[in-house]
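This is what each chain is made of:
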Amino acid sequence: MNTLRLNKYFLIIVLLVFFGTTSFFAKTDIQDDKKINEFASILKQKVLLSNDQEANVVNIITELQNNISSKPENKSEFIKKAQTKVETLLDNRQKMKYDIIKNDLWKKF
């Protein structure tokens with residue numbers, strides 16, 4: 001009787017831990033997506049990106065987030081590479097606007 005009760009409690013604890021962990025990781029993914037979309041939206045509004053450029057920026061920032069998650073110790077290196085990739089997407093007029101906002105924009109990472 002006691003072992004049945006202990007097994008029940010153990011199963012309940014395992015399920016709570018599992019669902020709590022799953023919920024935490026789901027929230028983290030949603031926050032990352034929100035951060036990526038916010039970054040691309042700000043850049044699109046301020047620098048006047050085309051739809052293709054915006055899609056490329058989203059891909060670059062997604063890659064950046066993945067790299068930072070896998071190797072947080074190399075964060076500054078990953079950010080510099082992402083900045084370079086974003087800058088190569090821009091024409092001269094866009095680069096002038098981007099240079100004004102880039103420091104504030106990249107502080108979010």
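Computed from a predicted model, the values in this text were never measured in an experiment.

Engineer: Please clarify how the confidence of the model for the protein chain should be interpreted in this entry.
Structural biologist: Here the protein chain averages 85 in pLDDT, while 86% of its residues score no lower than 70. Looking over the protein chain, one finds the lowest element-wise mean pLDDT in helix α1 (residues 2-47), namely 76, and the highest in helix α3 (residues 75-89), namely 95.

Engineer: Which parts of the structure should I look at to understand the side chain of Q53?
Structural biologist: Relative to the helices and strands, Q53 resides in helix α2 (residues 51-70). By relative accessible area, Q53 is classed as buried at 13%. At a separation of 2.8 Å, a polar atom in the side chain of Q53 contacts the main-chain carbonyl oxygen of L89. In this structure, Q53 is in contact with L48, L89, L90 and Q94, ignoring residues within four places of it in sequence.

Engineer: How should I be thinking about α2 in this particular structure?
Structural biologist: For α2, spanning 20 residues, the distance from its first C-alpha to its last is 29 Å, which sits close to the expected 28 Å at 1.5 Å a residue. Restricting attention to buried positions, one finds in α2 the residues Q53, V57, I60, I61, L64, Q65 and I68. The arc that holds the buried residues of α2, viewed along the axis, is 140 degrees, so those residues lie on one side. The exposed residues of α2 that point more than 90 degrees off its buried face are N51, D52, N59, S69 and S70.

Engineer: Would you take a moment to explain the pattern of salt bridges for this structure?
Structural biologist: When the charged atoms of two side chains lie near each other, side chains of opposite charge can form a pair. Within the structure shown, the criterion is met by six salt bridges. A salt bridge links K44 to E54, with the nearest nitrogen and oxygen atoms 3.2 Å apart. Here E54 lies in helix α2 and K44 lies in helix α1, a separation of 10 residues in the sequence. In this structure K44 comes out as partly exposed when scored by relative accessible area, which is 26%. Residues K102 and D99 are paired through a salt bridge, measuring 3.9 Å at the closest nitrogen-oxygen approach. One end of the pair, K102, and the other, D99, are both in helix α4 (residues 92-106), three residues apart, so they sit about a helical turn from each other. K102 sits in the partly exposed class, given a relative accessible area of 24%. Sharing partners across several salt bridges, the network here consists of E87, D99 and K102.

Engineer: Explain a nonpolar patch on the surface here, please?
Structural biologist: A cluster of nonpolar side chains, L6, Y9, I12 and L16, forms an exposed patch at the surface whose accessible area comes to about 450 Å². Structurally, Y9 can be placed in helix α1. According to the relative accessible area criterion, Y9 is partly exposed, its value standing at 49%.

What counts and what doesn't
- Residues numbered from 1 in each chain as written.
- Predicted model: local features only at pLDDT ≥ 70, side-chain atom pairs only at ≥ 80, totals over all residues.
- Heavy atoms only, no water.
- pLDDT = per-residue confidence, 0-100.
- Helix = DSSP H or I, 4+ residues; strand = E, 2+ residues; numbered from the N terminus.
- Buried < 20%, exposed > 50% of the residue type's maximum accessible area, 1.4 Å probe, protein only.
- Polar contact = N/O pair within 3.5 Å; in protein donor to acceptor, adjacent residues only side chain to side chain.
- Contact = heavy atoms within 4.5 Å.
- Expected span 1.5 Å × (residues − 1).
- Arc of directions from axis to C-beta.
- Salt bridge = Lys/Arg side-chain N within 4 Å of Asp/Glu carboxyl O.
- Patch = residues over 30% accessible without salt bridge, like charges linked within 9 Å, V, L, I, M, F, W, Y side chains within 5 Å.
- Areas by Shrake-Rupley, 256 points an atom, 1.4 Å probe, with all protein chains shown as cover.

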